[in-house]
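Now for the letters of each chain:
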Amino acid sequence: MDMDLDKALAERFGFETFRPGQRDVAQSVLDGHSALAVMPTGAGKSLCYQLPACVLDGTTLVVSPLIALMKDQVDGAIQRGIRATCINSSVPWPEQQRRLRELSKGAYEIVYVAPERFKNEAFREALAQTTVALFAIDEAHCISQWGHDFRPDYLTLGEVREELGAPITLALTATATPEVQTDILTQLKIREARVVVSGFERPNLFFDVQHTRSDEDKLERMRQVLARFRGESVVVYCATRKQVEEVRARLHHAGFLVGTYHGGMSDKRRTEMQDAFMSGDIPVLIATNAFGMGVDKSDVRAIIHYNLPGSLEGYYQEAGRAGRDGEPSYCLLLYNPNDRGVHDFFIDLSYPTPDVIMSVWSELRQYGLGSHSIGAEQIANHINRSSKKTNVHSGGVTASLKLLKQAMHIDHGWRDGFPWVEVRDLSRTRDLRVDWDQVALRREIALRQLNDVVRFANISECRQLQLLKYFRAASSFGNQCHNCDQCCGVPDLPEQPVNPVPDSLETLIQKALSGVARTRGRVGTHLVCAMLRGSGARVVTSHQLDQLSTYGILGYLNPEQLMELFDVCERHRMIIRDSKGVVALTDEGVAVMCGENEPPAGLVERLRRKLQPA
Ligand code: ADP
Ligand code: MG
């Protein structure tokens, strides 16, 4: 088919240029080839079928999983002058009938339906009289059991496609996993397809992997990076909640203003943290992978991975939250070969072997039919007590319970803070309906994904190129991105700000002490520091510390320098902290503050070295 795609783009859509991948996809569909388009969210996948729909003779059938979002899509298409509609259960029956009649007359260019619609007889009859020019499947990863959003209704689409006479098909998804890509084509029974993966290249991100020997080593490198990005937004991803809290404590102690975000926090607290990060009140957020979905902060300057991520998809998604505004940004992976062990441990627990699942089942059968107040922890204890040889972890029991629930042998949950399990039948272990192959397969996939991350961290090849290859995306830059540790060695980070200290050290100490005096023993050193620095953080304003005459008088010191100042003041007994960390002046502190006593000479010397580097 020969036509000017640019012209159609401008006239029908009012866009000047195609986004990466769009032309390729539209063109191959128009040339009569099925295609799979993998592009990140917001890259413009709809255009890939809407444009051909305007041009092709016949109807474009679009399968989309969410009825709630269909109306918006239809409205959007109609605005562009496309004859579009949707047929679903939210449409009153008489109107559905009218639309079906129109459909069989070929009145629509685009018809949106949910996958379950193909079970409907009236719809199938109308379809039989229609020419389906293009069969488009949005969110196509829903067809794959390996995807993160599997929907059984999608599984029928392969047969539906054959019944429609195998029309030109376009599958669209933002999920880049190679396994899922292949699975989508297999499930849809598409033998030959052009696969277009695009929009994944991120030229403004500097990818850096640093090999470390210990957590201490990681923290030190992280401190250096954070000092360079002072005042900018940075996210530090950790593998577990516990790790988040540990890193928070360490960075807090080092004088950084940090927040946390993980699944163990209350919804309210999480929202507060997210708001504070979005507004810039809290520049550094330490988080698990619970943070990020739907977060749209364009000026995140660095993403640090404190632990090895479990997959490159996860890694790229998280690291990709840096530099959405297109400005140079930094992605650092702190790698320690030992990190792998933690993942192996969790994979073992998440995909238990048949003997673990069977021993959990044997234990549950002993309780008999009905509901029992028992949870994974106790079940694990019972199993381990009854047999010296077994050592089952409660995490493995939790995973087993999930699988037994999927197979409908049990139900389980929490009531008033206590776990319960309901045994629904008393099948013998050999009659369990657990999908053993599926568990083994998922375990294998998890291990493979982990191996891929480990390889990424160890291989000497352009990082960006490795990532693009992994996602099967083409690179526009050849073999070197010239913007990663492999291509350039060290990253070009912002200069560490030098802040000349305008006061004598004696004056500095006096100012710090007067800050403590003004807060009248109400808060800890951290808030005193924030106040002295003139921080606009909400914690400072909510304590009305911004009203004090000492607010901002040490604004030229950075948090580490201030913490150093307080550390030595404390060591020389000018200030004391109570068990809650609230800080107050000692008699000696009062005397130094008022100029009655000189600060100790050793202290001044030490501070000179710390605060005024040569
Ligand atoms: P996806 O489905 O990939 O998440 P959409 O199809 O919803 O993305 O498109 C995201 C936005 O990008 C829409 O507002 C769309 O109008 C816009 N868009 C798509 N293609 C182009 C283009 N070539 N030029 C400018 N804007 C575009
Ligand atoms: Mg979309």
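Note that the structure is predicted; figures quoted are calculated from it, not measured. (Residues numbered from 1 in each chain as written. Chains lettered and ligands numbered in written order. Predicted model: local features only at pLDDT ≥ 70, side-chain atom pairs only at ≥ 80, totals over all residues. Heavy atoms only, no water.)

What follows is about the overall build of the protein. In terms of helices and strands, the protein carries 25 helices and 18 strands. Along the three orthogonal principal directions, the C-alpha set of the protein runs to about 100 × 70 × 50 Å. A burial count over the protein gives 49% of its 614 residues as buried. In the protein, 72% of the contacts between residues at least 6 apart in sequence involve partners at least 24 apart. Carbon and sulfur atoms make up 48% of the accessible area of the protein, which totals about 29,600 Å². Treating the 71 positive side-chain charges of the protein as one cloud and the 77 negative ones as another, the clouds have centres 3 Å apart. (Helix = DSSP H or I, 4+ residues; strand = E, 2+ residues; numbered from the N terminus. Buried < 20%, exposed > 50% of the residue type's maximum accessible area, 1.4 Å probe, protein only. Contact = heavy atoms within 4.5 Å. Areas by Shrake-Rupley, 256 points an atom, 1.4 Å probe, with all protein chains shown as cover. Lys, Arg positive; Asp, Glu negative; His and termini not counted. Charge placed at Lys NZ, Arg CZ, Asp CG, Glu CD.)

Our next topic: the sheet that holds strand S16 (residues 418-423). To summarise the sheet geometry, strands pair through backbone hydrogen bonds and adopt either a parallel or an antiparallel arrangement. Spatially, S14-S16-S15 is the arrangement adopted by the 3 strands of the open sheet, whose pairing is antiparallel. A strand with exactly one partner marks an edge of an open sheet, and here the two such strands are strand S14 (370-372) and strand S15 (410-415). Geometrically, the sheet is characterised by an average inter-axis angle of 20° between neighbouring strands, direction not taken into account. Two strands pair when backbone bridges link them, and S14 and S16 are joined in this way by 3 bridges, in the antiparallel orientation. Note that in S16 the partner of Gly370 across the bridge is Val423. (Pairing = 2+ DSSP bridges. Axes fitted to C-alpha atoms, helices over the stretch in contact; angles between N-to-C directions.)

Once that is clear, we can look at helix H20 (residues 505-518). Between the first and last C-alpha of H20 there are 20 Å, a value that for 14 residues agrees with the 20 Å anticipated at 1.5 Å per step. Within H20 the residues assigned to the buried category are Leu505, Leu508, Ile509, Ala512, Leu513, Ser514, Gly515 and Val516. Two residues or fewer after H20 comes Arg520, characterised by a positive phi angle close to 50°. (Expected span 1.5 Å × (residues − 1).)

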